[in-house]
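# Notes for the structure review
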Protein chains: 2
Amino acid sequence: MSNIREVARIAGVSVATVSRALSHPEKVSEASRKRVQDAIDQVDYRPNMLARNFRSARSYSLVVLVPDIANPFFAQVIRSIELRAQKKGYSVLLGDTQDSNAREQEYIRLVETRLADGVIQLRPMSDQFHNASKFKFPYLHLCATESSPGPCIRVDNVTAFKHMTEYLISLGHRRIGLITGLKGNPHTVDRFKGYKQALENAGIPFDEALIAEGEYVIWSGVNAANQLCRLKERPTAIACMNDEMAIGAIQALKSNGLQVPEDVSVTGFDDIDYARYCDPPLTTIAQPSDDMGTIAVDMLLRLIEGETLSEEEHVLPYDFILRKSTATVKVAVPEY
Amino acid sequence: MSNIREVARIAGVSVATVSRALSHPEKVSEASRKRVQDAIDQVDYRPNMLARNFRSARSYSLVVLVPDIANPFFAQVIRSIELRAQKKGYSVLLGDTQDSNAREQEYIRLVETRLADGVIQLRPMSDQFHNASKFKFPYLHLCATESSPGPCIRVDNVTAFKHMTEYLISLGHRRIGLITGLKGNPHTVDRFKGYKQALENAGIPFDEALIAEGEYVIWSGVNAANQLCRLKERPTAIACMNDEMAIGAIQALKSNGLQVPEDVSVTGFDDIDYARYCDPPLTTIAQPSDDMGTIAVDMLLRLIEGETLSEEEHVLPYDFILRKSTATVKVAVPEY
């Protein structure tokens, strides 16, 4: 294996320029960079970048903390984070916390010990990040909620869920079931608020019996929908706090001999890839996962550079996606 | 911020023991480790692990190269890799290659420059890994195929797809459509082989018209199934090379006014979470994603430690999962 002097000699530049081209390519002219790269390829030079990182006290990697990478919405967001990070010369360390504080702590230690330069937190209900002001490293919340502390990027979950519930009300539904995530989850709290606001505005009394708790995964939507099906007075619509539970709910309703949307309307949240392919295709709220990832990386890199952010909170627009899983309530169809 | 001497003093151990407890916890007794940890917490010591990495010339991170993290099967595999890696003191760098050689090259450079210690390659059709013997760093192929070079972990794709095709033949199907992935993809090559072997063994002539090319994503399954529906003599069954294309195919068949499985049987491959929740639930081949991730990490760490592996190829068992998307062919139902 060759050394940096040989690269410099062949490229016809100084050793310092080779070093700079490797660690801060943006500070070197394109012509020099090209000469250095050609020389590196020619002599098969493999610099030990651990030395650079040690010298610069920077690791050029970001930690992404996610409650479950197998959740397709989070997978989409991570894909966009990773695309942007690579473009910016950073790699992404994946921290799948499985909703465990202990696992999260291990990843926080990576940043505290300089093995990562900052954290993008996708897990909304972390005790540690609730007191995030104590952290001395750059971090931000992505897919955040109203209660997220510190810098964050989110959609307005309250308004989005209110919008969806109002749409169901506009179709004549008054008994609207709700499949929630775990009660303590901040996403659940925000979306619940939107549901209640919509009912209240329409003068529909809140009925605890219509609420079934899930866990943001498919099987929990199946169980919750079965629970709602056992009610004496069944809901005519079910609003679900994510698409996966809605997909489970649709399957459960069908197994109970009910048609969607003829007997029961069902709605989701997130607009994962499957939402348009389930039967019937799902009416849902789309979160801008691509923009979320891009903005998060850019914002975190500014924090890493020591900038103070004027705007600590980015609220991005959501989209209301109308598909075929919702219909006017049967009994309330007006006659013309 | 405190320093390592203070930690050693409070823990009542030597500085060398603190250092060892941090970089090689397995070499320190549990009692000492506990004392060191308590002291670290007490004085809020944050060691600069970049220095350790520089000294040991090791980064304690693994690169996982994946063609698309938003593919739910790969997401499951990555979850299991990450779980095992964290247990072993390694973090996972995510390299979503988007099937681009240039993006892959950037991640390979991480290993070549010591920013990662090894590579788990989930992308089956990489030009660079085709000549992987030239690589001087530890790597292995996961979800590999018959043609994967070097150490690899896989199911027997040929036999699994043959098994599925034979099952369809046993139901009386003779016009069996095939929705493939991209033709050059090694998974496509292996599974195609299995399809052909099953037909040949049953004396069913191969018919090019029954083959439709997809790209292992849902929408491509929709297009491919539409193509098969336009055939004068429609297939009575469609074997798909993954679950996502099968889910797309089912939707397309329904839009063409056909019932699954009454008019057309459909099968998948992978057994992603959605497979059991689509309508009808999908008959498919399950790959052991949890075992695959665990074995891959263990195998890669042995390569990183400089071991030579006696068994370069791990072929894991698949499961045949019978659900409701397959039925006996209509015209061939025997009368009793």
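Quick summary incoming for the structure in this document.

Thresholds applied
Residues numbered from 1 in each chain as written. Chains lettered and ligands numbered in written order. Predicted model: local features only at pLDDT ≥ 70, side-chain atom pairs only at ≥ 80, totals over all residues. Heavy atoms only, no water. Core = buried A, V, L, I, M, F, W, Y, C linked by side-chain atoms within 4.5 Å. Buried < 20%, exposed > 50% of the residue type's maximum accessible area, 1.4 Å probe, protein only. Contact = heavy atoms within 4.5 Å. Helix = DSSP H or I, 4+ residues; strand = E, 2+ residues; numbered from the N terminus. Expected span 1.5 Å × (residues − 1). Pairing = 2+ DSSP bridges. Axes fitted to C-alpha atoms, helices over the stretch in contact; angles between N-to-C directions. Least-squares fit on C-alpha atoms with pLDDT ≥ 70 in both. Buried area = accessible area lost by both parts, 1.4 Å probe. Salt bridge = Lys/Arg side-chain N within 4 Å of Asp/Glu carboxyl O. Polar contact = N/O pair within 3.5 Å; in protein donor to acceptor, adjacent residues only side chain to side chain.

## Here's the deal with the nonpolar core
Ranked by size, the top nonpolar core spans 156 residues in total, and within it A:L142 and B:L142 carry the most contacts. If near-sequence neighbours (up to four positions away) are discounted, B:L142 is found in contact with B:V77, B:I81, B:I120, B:Q121, B:L122, B:I153, B:M292, B:G293 and B:A296. Core analysis: the next-biggest nonpolar cluster, separate from the first, contains 26 residues, A:L65, A:L110, A:L115 and B:I108 among them.

## Topic: helix α8 (residues 157–170) of chain A
Residues and elements named next belong to chain A. Taking 1.5 Å of rise per residue, the 14 residues of α8 would be expected to cover 20 Å, and the 20 Å separating its terminal C-alpha atoms lies within 8% of that figure. Those residues of α8 not exposed but buried are N157, V158, A160, F161, M164, T165, Y167, L168 and I169. Backbone geometry just downstream of α8 places G172 in the positive-phi region, at approximately 100 degrees.

## A few points about the sheet that holds strand β8 (residues 237–240) of chain B
All names here are of chain B. Taken in spatial order, the four strands line up as β7-β6-β8-β9 in an open sheet, and their pairing is parallel. Here the strands that pair on one side only, and so sit at the sheet edges, are β7 (211–213) and β9 (265–267). Between one strand axis and the next, the sheet turns by 15 degrees as a mean value, whatever way the strands run. Taken together, the three bridges between strand β6 (residues 176–180) and β7 define a ladder with parallel strand orientation.

## Points about the relation of the copies chain B and chain A
Least-squares fitting of chain B to chain A yields an RMSD of 0.2 Å, with the superposition described by an axial translation of 0.1 Å and a rotation of 180 degrees. Both copies of the chain, as the preceding transformation shows, are related through a two-fold rotation axis. Of every C-alpha in chain B, the one belonging to B:L93 sits nearest the axis of rotation, 2.3 Å from it. A shared binding surface is used by both copies, with 98% of the interface residues of chain B retained as interface residues in chain A.

## Digging into the interface of chain B and chain A
With 59 residues of chain B at the contact, the number on the chain A side is 58 residues. Here chain B meets chain A over a buried area of about 5,100 Å², counting both sides, of which 58% is carbon and sulfur. Summed over the shared surface of chain B and chain A, the result is six salt bridges. Between B:E82 and A:R103 there is a salt bridge, and its shortest N-O distance comes to 2.4 Å. At the surface where chain B touches chain A, the tally comes to 18 residue pairs in polar contact (both at pLDDT 80 or more). The dominant element in the side of chain B that touches chain A, judged by the number of residues it contributes, is helix α5 (residues 72–87) of chain B, at eight residues. Across three bridges, strand β2 (residues 91–96) of chain A lies against strand β2 (residues 91–96) of chain B in antiparallel orientation. Opposite A:V92, over in β2(B), you have B:L94 as the bridge partner.

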